[in-house]
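Overview (structure and organization)
Given next are the chains, with one letter for each unit.
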Amino acid sequence: MPAGGEGELTLTVRMRVSPEPEQEEAVLDLMKRYRDALNYSVRVIIANRALSLGKAHRLLYNDLRERFGLPSRVAQDCYREAIAIAKSWLSNPRRGNKPTLKSLSMWLTHEPGYRVKGDYVELAGGYRLRIIGWDRRYDDFPNREARLVFRDGRFDLYVTKRVPRPAKYAPKGVLAVDINERQIVVGNSGVEQRIVTPIERALHYRRLAERLQEKYSSSRYTAWRRRGVIRRRIRHFHRKARNIIEDWARKTSFMIISLARQSQLAVVREDLTGLIESLRRLPKDHRTALIVLGYRRLAFWIDWQAEKNGVPLFVVDPADTSSTCPRCGTKLVEVGYRRLRCPNCGLEADRDSIAILNIERRALNQMGGSLATPTALQMTDVSPNRWGNLPRAGRRPGPVM
Ligand SMILES: [Zn+2]
């Protein structure tokens, strides 16, 4: 869930940046020294339980300046970040080895750690990076702390902003979301839309990665020359699988939230915690891992998009949503592949439609009399044929703009 005060949302704006060519080596060198200094600081802080700024400063500041050659302000940001990492490691009851950071990522406080000046970002220590592009929608909100990241040959600056939390409208009805392995069903007693999940597509890349891993784990192939290339290739496939899921979760949640807002409906999703936990207890395989990832990311993005767009959101208990009759509460009987029938009132529908109706009913019960109009289920402003005309998902709707 997005953090922030009562009336504020914290979001991150990504800026593509590029050091001046003659400074690129120097910036990379600074980031490497920062990473080494950070790993050193984390170890010192954990060993001495130096979790306050004053204590960390006394133990580390001179070392960071002299041994690692960090500019004064960067040294302070470095032990500040190290304290945060040490704290989260110490508070994790299942902690493993001491954390070691490998990626190039530098934490920066806003002024004096970094500042944006015209088309440039200036870092403490006199480094300048040209801003190539960013989302200007949040320009009016002040910059806060930021993180400079070097990955895949490019620099990105992630700038934190606080923006006012939009007010939520009073819903006229419910848009229920039923999530399962093959598809997402979105709807209510008036309309229904089905969206296929990308699990199979993502699984394809996981399998490619696995095949490479198996092929090159034999001793025949462990020549150092091969290893780097193959490892990069494997990592590429894993990342590709994750990106497919992330992209889909982001776009799908944006579409769901847009639909809800268009018709002033509340979005209702099931609480997936229990489901995710039970999946985690299964033997680990790629498919299960991707399904868990998909569920988690979709729930995350739906919640975030709802906050950001002022759409009311409810989370309901998922128990028995696809086995009891949404009309009379009787236990349903199976009458075909994924088709269910109520022996009491005769209602017959497919499992997913049943789930949507049950989720809708549960939400309406939970909301009590808070609907804007009692005739909410008429859905006068959404006709099924308009569903073919969904708003296009934005390119980057979410915490990272
Ligand atoms: Zn019934």
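Okay, so let's go over this structure. Predicted, not measured: the structure shown is a model, and the values here were computed from it.

**Digging into the sheet that holds strand 6 (residues 143–151)**
- Pairing is antiparallel in the open sheet, where seven strands are placed in the order 2-6-7-1-5-4-3. Among the strands making up the open sheet, the edge pair consists of strand 2 (104–108) and strand 3 (114–117). Direction aside, the axes of adjacent strands within the sheet are offset by 30° on average.
- The sheet contact formed by strand 1 (residues 8–19) and strand 7 (residues 154–164) spans 10 bridges and is antiparallel. Residue Met-15 lies in a different strand from strand 7, and its bridge partner there is Leu-157.
- Contacts from helix 1 (residues 24–48) reach strand 1, strand 2, strand 5 (127–134), strand 6 and strand 7, with the element oriented near 85° to strand 2.

**Focus: the side chain of Glu-81**
- Considering the arrangement of structural elements, one finds Glu-81 in helix 3 (residues 72–90).
- For Glu-81, a relative accessible area of 7% corresponds to the buried category.
- Aside from chain neighbours lying at most four places away, what touches Glu-81 is Tyr-34, Leu-38, Ser-105, Trp-107 and Arg-147.

**Some points on the nonpolar core**
- Membership of the largest hydrophobic core comes to 46 residues, with the highest contact counts inside it found for Val-17, Leu-64, Leu-70, Leu-123, Leu-148 and Leu-157.
- The element that contributes the greatest number of residues to this core is helix 1, accounting for 12 residues.
- What Leu-64 contacts, discounting residues up to four positions off in sequence, is Ala-37, Tyr-40, Ser-41, Gly-69, Leu-70, Ala-75, Cys-78 and Tyr-79.
- Counting residues in hydrophobic clusters, the runner-up holds 42 residues, among them Leu-9, Leu-175, Leu-293 and Leu-298.

**Describing the coordination of the zinc ion**
- Here the zinc ion is held by Cys-325 (SG), Cys-328 (SG), Cys-342 (SG) and Cys-345 (SG), and the distances to it run 2.2 to 2.3 Å.
- One way to put it: the four donor atoms around the zinc ion meet at angles of 102 to 122°, and that makes the site tetrahedral.
- Mapping the donors of the zinc ion onto the primary sequence yields the spacing C-x2-C-x13-C-x2-C. You can see Cys-328 sitting in the loop between strand 12 (313–316) and strand 13 (333–336) and its partner Cys-345 sitting in the loop between strand 14 (339–341) and strand 15 (348–350), a full 17 residues away along the chain.
- Accessibility expressed as a relative area gives 32% for Cys-328, which makes it partly exposed.
- Residue Cys-345 is classed as partly exposed on the basis of its relative accessible area of 31%.

About the cut-offs
- Along each chain, numbering runs from 1 in the same order as the chain's sequence is written.
- Per-residue local features of the predicted model are confined to residues with pLDDT of at least 70, and side-chain atom pairs are confined, for both listing and counting, to 80 or more; whole-chain, interface and lining totals are unaffected and use all residues.
- Just so you know, side-chain values use all the structure's heavy atoms and leave hydrogens and water out.
- Only strands that DSSP links by at least two bridges are regarded as paired with each other.
- Secondary structure elements follow DSSP: runs of H or I no shorter than four residues count as helices, runs of E no shorter than two count as strands, and numbering proceeds from the N terminus.
- Interaxial angles span 0 to 180 degrees and are taken between N-to-C directions of axes, which are lines fitted to C-alpha atoms, for helices over the stretch in contact.
- Between two residues, a contact is recorded if the distance between any of their heavy atoms is within 4.5 Å.
- For the exposure calls, accessible area comes from a 1.4 Å probe over protein chains only, and a residue counts as buried if that area is under 20% of its type's maximum, exposed if over 50%, partly exposed in between.
- Nine residue types can take part in a nonpolar core, namely buried Ala, Val, Leu, Ile, Met, Phe, Trp, Tyr and Cys, and a core is a set of them joined through side-chain atoms within 4.5 Å.
- Note that water is not among the atoms considered, so a metal site may appear incomplete; the donors listed are N, O and S atoms within 2.8 Å of the metal, with 3.2 Å applied to Na, K and Ca.
- Angle rules define the geometry names used: all angles between 85 and 135 degrees makes four donors tetrahedral, while opposite donors over 155 degrees apart and all other angles between 65 and 115 make four donors square planar and six octahedral, leaving every other case irregular.

Interpretation in functional terms is not warranted from these geometric data alone.
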